[in-house]
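# Understanding the architecture of this molecule
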Amino acid sequence: MTVATSTPIFGTTTGFSTTLKCKECGEDYPLEAKHICEDVCFGPLEVKYDYDKLRLSVSRATIEAGPNSIWRYRPFLPVATNNPIDVGTGMTPLVKSHRLARRLGLKNLYIKNDAVNMPTLSFKDRVVSVALTRARELGFSTVSCASTGNLANSTAAIAAHASLDCCVFIPADLEAGKVLGTLIYNPTVMAVKGNYDQVNKLCCEVGNTYGWGFVNINLRPYYSEGSKTLGFEVAEQLGWQLPDHIVAPLASGSLYGKIYKGFQEFVKVGLVDDKAVRFSGAQAEGCSPIAQAFREGRDFVAPVKPNTIAKSIAIGNPADGIYALEIARKTGGNIESVTDPEIIEGMKLLAETEGIFTETAGGTTIAVLKKLVAAGKIDPDETTVAYITGNGLKTQEAVQGYIGEPLTIEAKLDSFERAMERARTLGRLEWQQVLV
Ligand SMILES: *Cc1c(COP(=O)(O)O)cnc(C)c1O
Ligand SMILES: [Zn+2]
């Protein structure tokens, strides 16, 4: 274990990040607003770092002394500034599960709860905090995104805080909570008549014409690095060690791949011991191109047309799908899908066992977790982390009609008592628990 004692050194231009490197052919590009290898192979670009320098500059102690946000990991993030946009994003709870674990038959289950991330209650606050910090450094005054809902919330909120002009694009059929949760920050909101993949295509065209910073298009290499913090935090919160198994939702597949990169980087610089971590992924049956490819043993992802209540992860043509497949296979994980009713059951199960109200994406993760345990694909003894990436208050319509109704009573004791009697016979409450 290397434990350096020096304080962090930040480069004057780009911190410890050095280039954008093509994931396919290895071509290097400068750290600009660029996401594909346009000179050679059109592969995706990813941020590279000088790990030798990084190793000498970070330690558990320097990280622990940092802010209580994702910016405690700033040397691992592709920004130069000493003054990033810090709206308290990150360091969300890692909850040791007791009741859900028991229900599923697991001994060491943890919930990483990004349903309470700041400022907009989803993991997207991580990627946007990084992308907009870099956007500001690169001189953008208008920022934008193609969103399945949460990203629009996050981009609008953090742009407002950072005083950047903002125009976001969403599919027109999103949940009301996600639309309202964007409009409140007063950006320009374009509700596009089409699915996410069509929104994304339009945004690529807009991006070519307007000099805007699209967080998940031309700024995508910086954006996606923000997801590594979901790996860093879990490692730190487990007492500077890696788990045995993780389960995370897959939309484009970016988040999943970056948790992997985060773990690898911590090993590379000596912050944690190396360990084989199994990576399992969750998709909704109605949009499961990566799970289908995994099941069929394919190394390519065939695009699908999404049709599911899990709208936040409904990407039919996932940009990082093939990399997710690779990680699942080489780590001995699984990529599974679950139906919409199973997703609702997953949301209810997490709420009634752990007191966490997640959105459809989290319901997908919990339902897949349950399915994998039932199939013997997660060992009861494994230290398993389920990533809950969004908040249920934003997708209330998903559970409307599936969770019962309040018992309406008169403001009188006998009315209450009659209702309790009824509740007992209906099984609406667990009577044993009411008594204790
Ligand atoms: C965007 C999103 C994801 C997954 O995103 P990737 O494109 O796979 O990185 C997961 N959960 C929620 C709630 C999201 O909004
Ligand atoms: Zn290339």
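Model, not experiment: these values are computed from the prediction.

Thresholds, definitions, all that
- Residue positions are given per chain, counting from 1 as you read along its sequence in written order.
- Ligands are numbered from 1 and chains lettered from A, in the order in which they are written.
- Per-residue local features of the predicted model are confined to residues with pLDDT of at least 70, and side-chain atom pairs are confined, for both listing and counting, to 80 or more; whole-chain, interface and lining totals are unaffected and use all residues.
- To get the side-chain values, take all heavy atoms of the structure and skip hydrogens and water.
- Domain start and end points were adopted from an automatic or database domain assignment.
- Here, any two strands with at least 2 DSSP bridges between them count as paired.
- Secondary structure elements follow DSSP: runs of H or I of four or more residues count as helices, runs of E of two or more count as strands, with numbering from the N terminus.
- Axis angles are defined between N-to-C directions and span 0 to 180 degrees, where every axis is a line fitted to C-alpha atoms and, for a helix, only to the segment in contact.
- Counted as donors are the N, O and S atoms within 2.8 Å of the metal, or 3.2 Å for Na, K and Ca, while water is not among the atoms, so some sites may look incomplete.
- Only four donors with every angle between 85 and 135 degrees are called tetrahedral; only four or six donors with opposite donors over 155 degrees apart and all others between 65 and 115 are called square planar or octahedral, in that order; all others are irregular.
- We call a residue near a molecule or strand as soon as one heavy atom of that residue lies within 4 Å of the molecule or strand.
- In protein, a polar contact means a hydrogen-donor-capable atom and an acceptor-capable atom, both N or O and within 3.5 Å, with residues adjacent in sequence counting only if both atoms are side-chain atoms; elsewhere, any N or O pair within 3.5 Å suffices.
- The Shrake-Rupley method, run with a 1.4 Å probe, gives the accessible areas here. Residue values count only the displayed protein chains as cover.
- Polar here means any residue outside two lists: the nonpolar Ala, Val, Leu, Ile, Met, Phe, Trp, Tyr, Cys and Pro, and the charged Asp, Glu, Lys and Arg; Gly therefore counts as polar.
- Centres within 6.5 Å are what make two rings of Phe, Tyr or Trp a pair, Trp counting through its six-membered ring; a difference in plane orientation under 30 degrees is then read as stacked, over 60 as edge-to-face, and the rest as tilted.
- Exposure classes here rest on a 1.4 Å probe applied to the protein chains alone. A residue is buried below 20% of its type maximum, exposed above 50%, and partly exposed in between.
- Note on criteria: charge over ring means Lys NZ or Arg CZ within 6 Å of the ring centre, with the direction from the centre no more than 35 degrees off the ring normal.
- Contacts: residue pairs with any heavy atoms within 4.5 Å of one another.

## Structural notes on the domain arrangement of the protein
The domain boundaries assigned to the protein delineate domain 1 (94–120 + 225–398) and domain 2 (404–436). One C-alpha centre belongs to domain 1, the other to domain 2, and the line joining them spans 37 Å.

## Some thoughts on the sheet that holds strand β12 (residues 335–338)
One open sheet accounts for six strands, arranged β4-β5-β13-β10-β11-β12; its pairing is mixed. Lying at the two open borders of the sheet, with one neighbouring strand each, are β4 (94–96) and β12. Each neighbouring strand pair of the sheet contributes to a mean axis angle of 25 degrees, computed without reference to strand direction. Where strand β10 (residues 245–249) and strand β11 (residues 278–284) come together, five bridges link them in parallel fashion. Paired with Ile246 across the bridge in β11 is Phe279.

## Quick notes on the coordination of the zinc ion (ligand 2)
Note on the zinc ion (ligand 2): its protein donors are Cys22 (SG), Cys25 (SG), Cys37 (SG) and Cys41 (SG). The metal-donor distances range over 2.3 Å. What the four donor atoms of the zinc ion (ligand 2) show is an angle range of 97 to 119 degrees at the metal, which sorts the shape as tetrahedral. The sequence motif formed by the donor residues of the zinc ion (ligand 2) is C-x2-C-x11-C-x3-C. One end of the pair, Cys22, is in strand β1 (residues 17–22); the other, Cys41, is in the loop between β2 (28–29) and β3 (45–49), and 19 residues separate them in sequence.

## A word on the site of ligand 1
Taken together, 15 residues lie near ligand 1, and Lys124, Asn150, Ser252, Leu255 and Thr389 sit nearest. One of the side-chain nitrogen or oxygen atoms of Lys124 is found 2.8 Å away from an oxygen atom of ligand 1. Separating an oxygen atom of ligand 1 from a backbone N or O atom of Leu255 is a distance of 2.8 Å. Compared with its free state, where it exposes 390 Å², ligand 1 has 98% of that area covered by protein. Among the residues making up the shell around ligand 1, the classes are represented as seven nonpolar, six polar and two charged.

## Observations regarding the pairing of β1
Two strands pair when backbone bridges link them, and β1 and β3 are joined in this way by five bridges, in the antiparallel orientation. Residue pairing across strands places Thr19 opposite Lys48, the latter belonging to β3. Where β1 meets β2, two bridges bridge the pair, whose relative direction is antiparallel. For Lys21, the partnering residue across the bridge sits in β2 and is Asp28.

## Brief notes about the packing of aromatic side chains
Think of a pair of aromatic rings as described by two things: how far the centres are apart, and how the planes are tilted against each other in angle. By the definition in use, this model includes 13 aromatic pairs. Ring centres 6.0 Å apart and planes at 45 degrees place the aromatic pair Tyr49 and Tyr51 in the tilted group. You can call Tyr49 buried: its relative accessible area is 6%. Here Tyr51 falls in the buried class, since its relative accessible area comes to 14%. With 5.1 Å between their ring centres and 45 degrees between their planes, Tyr73 and Phe232 make a pair best called tilted. Taken together, the residues span a long stretch of sequence, with Tyr73 in the loop between α2 (60–64) and β4 and Phe232 in helix α9 (residues 228–237) at a distance of 159 residues. With respect to burial, Tyr73 and Phe232 carry one shared label: buried. Of the aromatic side chains, those joined through ring pairs into one cluster are Tyr73, Phe76, Phe232, Trp240 and Phe266. Over the ring of Tyr323 we find Lys23, and its NZ or CZ is 4.1 Å from the ring centre. A cation sits over an aromatic face here: Arg298 above Phe300, 5.0 Å from the ring centre.

## A short note on the sheet that holds strand β8 (residues 188–192)
Read from one edge to the other, the open sheet built from four strands follows the order β8-β7-β6-β9, with strand pairing classed as parallel. The open sheet has two edge strands, β8 and β9 (213–214), and neither has a second partner. Of the strand pairs in this sheet, strand β7 (residues 165–171) and β8 are connected by five bridges, and their pairing is parallel. By the bridge assignment for β8, Val168 is matched with Val189. The strands that helix α7 (residues 196–209) touches are β6 (142–146), β7, β8 and β9; relative to β7, the one it contacts most, it runs at about 145 degrees.

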